[in-house]
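Chain residues, written in single-letter form:
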Amino acid sequence: MRHIISILIENEAGALSRVAGLFSARGYNIESLSVAPTEDASLSRMTLVTRGSEQIIEQITKQLNKLVDVVKLLDLTEGEHIEREIMLIKVRAASNGEREEVKRLADIFRGHILDVSRVTYTVELTGDTRKLDSFIRALGDIPILETVRCGSMGIPRGERSLHL
């Protein structure tokens, strides 16, 4: 099962490396990872996505809690949450038909065209993983030149939150 784990971690050199090392040493995979400072300059918020049975996820959270750099963590999958990912995608749009189709799809998926050249469009999309995957499928035969995705970020809904 897919889990989104949100972690408050000390904003120090090597903290990310220790978390990644924990996963690597135990043979667990990180599907996506996002890290940035919080409103408190001494803390960063790390959001990682991984898959595993309930026992594996329980083991991961216990091991993460043992790391000195980890201040607090929350498995967002255990409750209602908001999840978003950003994707930048560059496509070849040489013909008028391809250009119109890319513009149409960007509108349907509420994307933004960030860059236009003679033969390419670069589109920015925000949404959950399924939405971004659906956009890629909808492109059909339009050639994708490059794709960059930030990985999932999440925050609990309502009163629940990850804070000190």
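Now for a look at the structure at hand. Predicted model, so just to flag it, every value in this text is computed and none were measured. (Residues numbered from 1 in each chain as written. Predicted model: local features only at pLDDT ≥ 70, side-chain atom pairs only at ≥ 80, totals over all residues. Heavy atoms only, no water.)

### Some thoughts on the pattern of salt bridges
Note the following rule: Criterion for a salt bridge: a side-chain nitrogen of Lys or Arg within 4 Å of a carboxyl oxygen of Asp or Glu. A run of H or I in DSSP counts as a helix once it spans at least four residues, and a run of E counts as a strand once it spans at least two, with each numbered from the N terminus. Relative accessibility under 20% of the residue-type maximum defines a buried residue, over 50% an exposed one, and the middle range a partly exposed one, all with a 1.4 Å probe and only protein chains included.
What the rule picks out here adds up to 9 salt bridges. In this structure, the salt-bridge partner of glutamate 58 is lysine 62, at a minimum N-O distance of 3.1 Å. A residue pair is termed a helical-turn pair when its members lie 3 or 4 positions apart in one helix, as glutamate 58 and lysine 62 do in helix H2 (residues 54–66) at 4 residues. Taking relative accessible area as the criterion, glutamate 58 reaches 42% and is therefore assigned partly exposed. Residue classification places lysine 62 among the partly exposed positions, given a relative accessible area of 49%. For glutamate 100, the salt bridge identified is with lysine 103, shortest N-O distance 3.2 Å. Highlighted residues: glutamate 100 and lysine 103, both in helix H3 (residues 96–108), separated by 3 residues, approximately one helical turn. A relative accessible area of 31% places lysine 103 in the partly exposed class.

### With respect to the sheet that holds strand E4 (residues 70–75)
Selection criterion: Strands were regarded as paired on the criterion that DSSP finds at least two bridges between them. Orientation is described by lines fitted to C-alpha atoms, with helices fitted over the stretch in contact, and by angles between N-to-C directions that extend from 0 to 180 degrees. Note on contacts: a residue pair qualifies if any of its non-hydrogen atoms lie within 4.5 Å across the two residues.
Taken in spatial order, the 4 strands line up as E2-E3-E1-E4 in an open sheet, and their pairing is antiparallel. Single-partner strands in this sheet number two, and they are strand E2 (32–37) and E4. The sheet shows a mean angle of 15 degrees between the axes of neighbouring strands, taken without regard to direction. Pairing geometry for strand E1 (residues 2–10) and strand E3 (residues 43–51), over 9 bridges, is antiparallel. Its bridge partner lying in E3, glutamate 10 is registered against leucine 43. In the packing of helix H1 (residues 15–26) onto the sheet, contacts are made with E1, E2 and E3, and the angle to E3 comes to roughly 20 degrees.

### Things to note about unusual backbone geometry
Positive phi, normally seen in glycine, also occurs at arginine 110, with a value near 55 degrees. Along the chain, arginine 110 turns up in the loop between H3 and strand E6 (112–116).

### Description of the packing of aromatic side chains
The criterion, for reference: Between 30 and 60 degrees the pair is tilted, below 30 it is stacked and above 60 it is edge-to-face, where a pair is any two Phe, Tyr or Trp rings, Trp via its six-membered ring, whose centres lie within 6.5 Å.
As enumerated under the stated definition, the model contains 2 aromatic pairs in all. Centroid distance phenylalanine 23 to tyrosine 28: 6.3 Å. Interplanar angle 75 degrees. Geometry classified as edge-to-face. Taking relative accessible area as the criterion, phenylalanine 23 reaches 1% and is therefore assigned buried. Note on phenylalanine 109 and phenylalanine 135: the rings are 5.3 Å apart at their centroids and 85 degrees apart in plane angle, and the pair reads as edge-to-face. Placement of the pair is phenylalanine 109 in the loop between H3 and E6 and phenylalanine 135 in helix H4 (residues 129–138), with a sequence separation of 26 residues. We classify phenylalanine 109 as buried; its relative accessible area is 15%. Residue phenylalanine 135 is classed as buried on the basis of its relative accessible area of 1%.

### Some thoughts on the pairing of E3
Side-chain direction in a regular strand flips from residue to residue, so the side chains alternate between the two faces of the sheet. Of all 9 residues in E3, 7 are buried, a share of seventy percent or more. Judged from the 6 bridges that link them, E2 and E3 form a sheet pairing that is antiparallel. Its bridge partner lying in E3, valine 35 is registered against methionine 46. Linking E2 to E3, which pair antiparallel, is a turn of 5 residues.

### Here's the deal with a nonpolar patch on the surface
Keep this limit in mind: Exposure above 30% relative accessible area and the absence of a salt bridge qualify a residue for a patch, where like charges join within 9 Å and nonpolar side chains (Val, Leu, Ile, Met, Phe, Trp, Tyr) within 5 Å. Shrake-Rupley sampling with a 1.4 Å probe provides the accessible areas, and residues are treated as covered by the protein chains on show and by no other component.
Taken together, the side chains of Ile86, Leu88, Leu114 and Val148 define a hydrophobic patch exposed on the protein surface, amounting to about 310 Å² of accessible area. Structurally, leucine 88 can be placed in strand E5 (residues 81–92).

In short, geometric facts, not functional conclusions.
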